[in-house]
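# Report on the structure
As a plain string of letters, each chain reads:
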Amino acid sequence: MDVLRVQDLKCFYVVESQGRERNVRAVNGVFLNVKENEVLGIAGESGCGKSTLLKSLLGIIHPPLRHLGGKVEYIWNNKPTEILSLPAHQLRKLMWEHISYVPQGSLSVLNPVRRIGDTFKSFIGAHVDLSTGGEQYEELVRNHLASLGLPEDTLRAYPHQLSGGMRQRVTIALATILKPRLILADEPSTALDVVVQRGVIQLLKDIQQEQRNTIILVTHDMAIHANISDRVAIMYAGRIIEEAGVDEIFNNPLHPYTQYLIGSLPRIGDKAHRISAPGSPPSLADLPQGCSFHPRCPEATDACRREVPVLVSAGTDHSVACLLNARGDTNADQANVAVDQ
Ligand SMILES: Nc1ncnc2c1ncn2[C@@H]1O[C@H](COP(=O)(O)OP(=O)(O)OP(=O)(O)O)[C@@H](O)[C@H]1O
Ligand SMILES: [Mg+2]
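Given the structure is predicted, the values throughout are model-derived calculations rather than measurements.

### A word on the overall build of the protein
When helices and strands are tallied, the protein shows 11 helices and 12 strands. Against the compact-globule benchmark of 20 Å for 341 residues, the protein has a radius of gyration of 21 Å, which places it among compact chains. When the backbone C-alpha atoms are referred to their principal axes, the protein occupies close to 65 × 55 × 45 Å. Residue pairs at least 24 apart in sequence account for 65% of intrachain contacts in the protein once pairs closer than 6 positions are excluded. Of the accessible surface of the protein, which amounts to about 16,300 Å², a share of 49% is contributed by carbon and sulfur atoms.

Below you can see the structure in the form of structure tokens.
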């Protein structure tokens, strides 16, 4: 069963440069389905639009970012709710109780002049009536922190008194205390050293197993996806260009870009030089014609320089947007996308 369905979502930063309006196509026709109780990983190079996609899924769309097309449906009790057309107060309610968010660089989310306990209190107070159940609240917070392996005195600490790993655990604790159905985590372990990183990823995994929620996990680090994601979607220049189960994507990557991403991973005992994709990603304000990856693709043909490939099925639970891999059965909904980029 799907929790979230994203259809042809387009969110651009509309910026002025040299007296001209330009569109930075950070989310440029994204199709994505997220299933109940899975960890869906999203990977891709820096600047490809991962954070903008997560914010757009949550309806956090403020200028210069603009929603220019497509929809995001949150499915609850078999009924789809269109997130991007909800009034602000309903969106706020949906957020945190149903959907929570661990933003990128979330260490800065914690107010430096407030004790952690006060941050928890005001956060929960915004969603639960504390006037009748103050003690209940304290117990809820204490139990939750203990279940995440955080000592009780964390609540009396100020953020600067905690290590980076502890602070990240606290932000994850905040995002999960109300047992949301869906958690969107943006590079939750990137700023941390490897050992602490592993702990934070394990923490997310444990929470997901205990609370049975669904996680969308953004990280450019494919090794983390190998470790925690059930399915992986690869993003390139504002679009999802391949999506498959985690074993399938590592064993049978079809898109040349995915092949580079996976081929560049270090392997134990293998001293061969790893090749990363040649060249650099295109400017999202000035995308090449046709497939955005074609200038870097060693296999590009004339058709790749003309046509924007759409995401098509390439086997069970595997889809790819690459003309070299196209095998008919194009999704009719997506066929139009090719012409209007
Ligand atoms: N406020 C803004 N105005 C204009 N362009 C922006 C703005 N914020 C982001 N961008 C551009 O949008 C594109 C996507 O940015 P985004 O932060 O979503 O990428 P990302 O994949 O999350 O990168 P990273 O891996 O570095 O976190 C980038 O080209 C970025 O320069
Ligand atoms: Mg980002």
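Still more ground to cover, so stick around.
### What to know about the site of ligand 1
The local shell around ligand 1 holds 15 residues, among which Ser46, Gly47, Lys50, Ser51 and Thr52 are the closest. At 3.5 Å, a side-chain N or O of Tyr13 approaches a nitrogen atom of ligand 1. Contact distances for ligand 1 include 3.0 Å between an oxygen atom and a side-chain N or O atom of Gln104. Across the complex, the protein chains shield 65% of the 640 Å² of accessible surface that ligand 1 would expose by itself. Sorting the residues of the shell around ligand 1 by element identifies strand E1 (2-17), strand E2 (20-35) and helix H1 (50-57) as the ones contributing at least two each. The dominant element in the shell around ligand 1, judged by the number of residues it contributes, is H1, at three residues.

### What to know about the coordination of the magnesium ion (ligand 2)
Six octahedral donors around a metal ideally sit at 90 or 180 degrees from one another, while four tetrahedral donors ideally sit at 109.5 degrees. Every protein donor of the magnesium ion (ligand 2) is accounted for by Ser51 (OG) and Gln104 (OE1), and the metal-donor separations fall at 2.0 to 2.1 Å. Of the two residues, Ser51 sits in helix H1 while Gln104 sits in the loop between strand E6 (99-102) and helix H3 (116-125), which places them 53 residues apart along the sequence. In this structure Ser51 comes out as buried when scored by relative accessible area, which is 18%.

### Re the sheet that holds strand E5 (residues 79-82)
The four strands are arranged E2-E1-E4-E5 in an open sheet whose pairing can be described as antiparallel. At either end of the open sheet lies a strand with only one pairing partner, and these are E2 and E5. On average, each strand axis in the sheet is inclined to that of its neighbour by 15 degrees, with strand direction left out of account. For E1 and E2, the ladder comprises 12 bridges, and the chain directions are antiparallel. Within E2, the position partnered with Arg5 by the bridge is Asn33.

### Side note on the pattern of salt bridges
In a structure, side chains of opposite charge can pair up when their charged atoms sit close to one another. Counted under the stated rule, the structure contains 10 salt bridges. Residue Arg231 is joined to Glu38 by a salt bridge in which the shortest nitrogen-to-oxygen separation is 2.7 Å. Taken together, the residues span a long stretch of sequence, with Arg231 in strand E9 (residues 231-236) and Glu38 in the loop between E2 and strand E3 (39-43) at a distance of 193 residues. Assigned by exposure class, Arg231 and Glu38 land together as buried. The salt bridge involving Glu97 is made with Lys93; its shortest N-O contact spans 3.6 Å. On the criterion of helical spacing, the pair formed by Glu97 and Lys93 is a turn pair, its members being four residues apart in helix H2 (residues 88-97). Each of Asp2, Arg5, Lys71 and Glu73 takes part in a single network of salt bridges with overlapping partners.

Quick notes on the rules
Residues numbered from 1 in each chain as written. Chains lettered and ligands numbered in written order. Predicted model: local features only at pLDDT ≥ 70, side-chain atom pairs only at ≥ 80, totals over all residues. Heavy atoms only, no water. Helix = DSSP H or I, 4+ residues; strand = E, 2+ residues; numbered from the N terminus. Rg over C-alpha atoms; globule rule 2.2 N^0.38 Å. Contact = heavy atoms within 4.5 Å. Areas by Shrake-Rupley, 256 points an atom, 1.4 Å probe, with all protein chains shown as cover. Near = heavy atom within 4 Å. Polar contact = N/O pair within 3.5 Å; in protein donor to acceptor, adjacent residues only side chain to side chain. Donors = N, O, S within 2.8 Å, 3.2 Å for Na, K, Ca; no water. Buried < 20%, exposed > 50% of the residue type's maximum accessible area, 1.4 Å probe, protein only. Pairing = 2+ DSSP bridges. Axes fitted to C-alpha atoms, helices over the stretch in contact; angles between N-to-C directions. Salt bridge = Lys/Arg side-chain N within 4 Å of Asp/Glu carboxyl O.

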